[in-house]
Amino acid sequence: MMRVSVHGGHSGEFCCHAKDTLEAVVRAYIDRNFAWFGLTEHMPPPDNRFRYPDEIAAGFDAVKLYDRFARYMAAARHLQQKYAGTARILVAFETEAYTGAPAFAAALRRTFRPDYVVGSVHHVNDIPIDATADQYRQSAAISGGIDGLYRDYFDRQYEMLCVLKPEVVGHFDLIRIFDPAYRDRLEKPEIRDRIRRNLALIRDENMILDYNVRALAKGMTEPYVSASILGEAQRMGIPVVPGDDAHGVDDVGLNIDEGMAALRAAGFDTAWRVPSPKAP
């Protein structure tokens with residue numbers, strides 16, 4: 001099977017919680033024999049409210065983060081051309097889904113014309129849910145508990161998918177990150193119904209699911225998406241493609257072979273589908 005990463009290529013040059021230069025990350029993918037890979041730095045926030053603490057500490061405001069994103073897109077295109085004879089590099093970016101983010105991401109897509117977009121949700125109730133367990137609990141309290149947090153997460157994801165129609169859906173069930181009881185919770189009817197609704201939209205819009213193996217590096221026992229959702233996606237004919245979600249050279253390719261083997265065992269087509277941009 002070809003090594004690929006549909007969700008990879010964050011760097012310390014353009015992301016405060018990653019490491020290494022973007023070119024060093026690119027060279028690591030080449031050295032580790034990836035047939036193709038996507039560069040997927042995060043979108044900037046539409047205003048200062050949604051800066052991350054590390055961005056604030058580094059002295060960024062929303063304008064500076066937008067400028068950094070523009071530099072990322074230019075650098076990624078340069079590297080795409082520089083290594084065109086050596087590797088297939090795709091230039092993309094990863095979204096947010098807090099208030100105002102999907103519409104802003106759509107504007108970024110029109111301006112910068114990436115090869116594709118990874119549609120991800122990292123916030124519920126405009127609070128990050130994947131950074132700390134405390135913030136996860138804060139968001140859950142607003143949602144009325146963990147079940148409510150799941151419902152709100154998948155509703156927010158559905159809204160983002162409807163507005164943005166990303167080519168790739170990032171770490172579909174990230175909401176389980178701080179929930180040791182997630183397997184049982186995913187089977188609850190009001191949550192399972194939302195999952196099926198979102199998967200149906202993904203199928204109908206011909207999107208790709210990211211099989212995000214970074215979860216394994218963070219101590220999870222299975223990638224995003226979990227086995228029960230993966231089976232549903234397989235039955236619905238949704239393409240699933242591995243992603244390492246690398247945040248530096250050391251992460252490139254980490255657990256990707258295990259992810260590819262799991263997808264093959266689950267019956268997925270391992271002639272991995274390459275995302276292609278939708279018409280503007």
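Throughout, a residue's number is its position along its own chain's written sequence, starting from 1. Only residues with pLDDT of 70 or above have their local features reported here, since the model is predicted, and side-chain atom pairs are shown and tallied only from 80 upward, although totals for entire chains, interfaces and linings are computed over all residues. Note that water and hydrogens are dropped before the side-chain values are worked out from all heavy atoms of the structure.

## Things to note about the overall build of the protein
- Under the scheme used here, helices are H or I runs from DSSP no shorter than 4 residues and strands are E runs no shorter than 2 residues, and both carry numbers assigned from the N terminus. Helix and strand content of the protein: eleven helices and nine strands.
- When we talk radius of gyration, it's over C-alpha atoms, and the globule rule is simply 2.2 Å times the number of residues to the 0.38. Computed over its C-alpha atoms, the radius of gyration of the protein comes to 18 Å, within 12% of the 19 Å expected for a compact globule of 280 residues.
- Overall size of the protein, expressed as C-alpha extent along the three principal axes, is 50 × 45 × 35 Å.
- In the protein, which comprises 280 residues, the share counted as buried stands at 56%.
- Here the analysis covers contacts within the protein between residues at least 6 apart in sequence; of these, 76% occur between residues at least 24 apart. Burial status follows relative accessibility: with a 1.4 Å probe on protein chains alone, a residue under 20% of its type maximum counts as buried, one over 50% as exposed, and anything between as partly exposed. A contact between two residues is defined here by any heavy atoms of the two lying within 4.5 Å.

## With respect to the pattern of salt bridges
- Within this document, salt bridges are pairs made up of a side-chain nitrogen of Lys or Arg and a carboxyl oxygen of Asp or Glu, the two lying within 4 Å of each other. Taken as a whole, this structure holds 22 salt bridges when the rule is applied.
- Residues arginine 109 and glutamate 167 are paired through a salt bridge, measuring 2.9 Å at the closest nitrogen-oxygen approach. On the criterion of sequence distance, the pair formed by arginine 109 in helix α4 (residues 101-112) and glutamate 167 in the loop between α6 (146-164) and β7 (168-169) is long-range, its members being 58 residues apart.
- By relative accessible area, glutamate 167 is classed as buried at 4%.
- Across the pair glutamate 232 and arginine 235 runs a salt bridge, and its minimum N-O distance is 3.1 Å.

## Section: the packing of helix α8 (residues 189-204) against helix α10 (residues 227-236)
- Fitted lines through C-alpha atoms give the axes, limited to the stretch in contact for helices. The angle between two N-to-C directions lies from 0 to 180 degrees. Between α8 and α10, whose axes approach to 11 Å, the crossing angle comes to 40 degrees. As the angle between them shows, α8 and α10 are arranged oblique. The two elements α8 and α10 meet at a crossing, and its hand is right-handed. Along its contact with α8, which presents Arg192, Ile195, Arg196, Leu199, Ala200 and Arg203, the element α10 presents Ser228, Ile229, Glu232, Ala233 and Met236.
- In the contact of α8 with α10, the residues fall into six nonpolar, one polar and four charged. These descriptions rest on fixed angle ranges, namely under 35 degrees for roughly parallel, over 145 for roughly antiparallel, 65 to 115 for roughly perpendicular, and the rest for oblique. Helix crossings fall into two classes, left-handed where the near helix is turned counterclockwise from the far one by less than a right angle and right-handed where it is turned clockwise. In the scheme used here, Gly and all other residues not listed as nonpolar or charged are polar, with Ala, Val, Leu, Ile, Met, Phe, Trp, Tyr, Cys and Pro taken as nonpolar and Asp, Glu, Lys and Arg as charged.

## A few points about the packing of helix α1 (residues 22-31) against helix α3 (residues 62-82)
- Contact geometry of α1 with α3 gives a least axis separation of 10 Å together with a crossing angle of 35 degrees. α1 and α3 meet at a crossing whose hand is right-handed. Here Leu22, Glu23 and Val26 of α1 come into contact with α3, specifically with Tyr72, Ala75, Ala76, Leu79 and Lys82.
- Looking at side-chain class alone, the contact of α1 with α3 contains six nonpolar, no polar and two charged residues.

## Concerning the nonpolar core
- Counting 88 residues, the largest nonpolar core has Phe37, Tyr72, Phe172, Ile175, Leu199, Ile202 and Leu209 as its most contacted members.
- The leading source of residues in this core is α6, at seven residues.
- What tyrosine 72 contacts, discounting residues up to four positions off in sequence, is Phe14, Leu22, Leu39, Thr40, Glu41, Val91 and Ala92. What we call a nonpolar core is a set of buried Ala, Val, Leu, Ile, Met, Phe, Trp, Tyr and Cys residues that are connected through their side-chain atoms within 4.5 Å.

## Section: the packing of aromatic side chains
- Geometry of aromatic contacts follows a simple scheme: Phe, Tyr and Trp rings, the Trp one being its six-membered ring, pair when their centres are within 6.5 Å, and the pair is stacked under 30 degrees between planes, edge-to-face over 60, tilted otherwise. Scanning the entire structure with this criterion turns up twelve aromatic pairs.
- Ring centres of tyrosine 136 and phenylalanine 178 lie 5.5 Å apart, and the angle between their planes is 75 degrees; on these two criteria the pair is classed as edge-to-face. Here tyrosine 136, found in helix α5 (residues 133-143), pairs with phenylalanine 178, found in the loop between β7 and α7 (182-185); they are 42 residues apart in sequence, far enough to count as distant.
- A cation over a ring is seen here: arginine 68 above phenylalanine 60, with NZ or CZ 4.7 Å from the ring centre.
- Here, a charge over a ring is recorded when the distance from Lys NZ or Arg CZ to the ring centre is within 6 Å and its angle to the ring normal is within 35 degrees. Across from the ring centre of tyrosine 182, 4.6 Å away, lies the NZ or CZ of arginine 176, which sits over that ring.

## Observations concerning the sheet that holds strand β2 (residues 34-42)
- Two strands pair under a simple rule: DSSP has to find at least two bridges between them. The parallel open sheet is built from seven strands, whose spatial order is β1-β2-β3-β4-β7-β8-β9. Strands with a single pairing partner mark the edges of an open sheet, and in this sheet they are β1 (3-8) and β9 (240-243).
- Pairing of β7 with strand β8 (residues 208-212), which is carried by two bridges, proceeds in the parallel orientation. Residue valine 169 lies in a different strand from β8, and its bridge partner there is leucine 209.

## Points about the side chain of glutamate 41
- Its place among the elements puts glutamate 41 in strand β2.
- It is arginine 68 that comes nearest to the buried, bridge-free glutamate 41 among opposite-charge side chains, at 6.8 Å.
- Counting of polar contacts relies on pairs of N or O atoms within 3.5 Å, with two restrictions inside protein: one atom must be capable of donating a hydrogen and the other of accepting it, and residues adjacent in sequence are counted only when both atoms are side-chain atoms. Within polar-contact distance, the side chain of glutamate 41 engages the side chain of serine 11 at 2.8 Å.
- Glutamate 41 has contacts with Gly9, His10, Ser11, Phe14, Cys15, Leu22, Tyr72, Ala92, Phe93 and Glu94, leaving out every residue within four places of it along the chain. Counting rule applied: Lys, Arg positive; Asp, Glu negative; His and chain ends not counted.

## A word on α8
- By this rule the span expected of a helix is its residue count minus one, scaled by 1.5 Å. Here α8 is 16 residues long and its end C-alpha atoms lie 22 Å apart, about the 22 Å a rise of 1.5 Å per residue gives.
- Three or more residues of α8 are buried, namely Ile191, Arg192, Ile195, Asn198, Leu199, Ala200, Leu201 and Ile202.
- Tucked inside the fold, the buried residues of α8 contact α6, β7, α7, β8 and α10.
- Phi for asparagine 206, located one or two positions after α8, is positive at around 60 degrees.

Nothing here speaks to function; it is all geometry.
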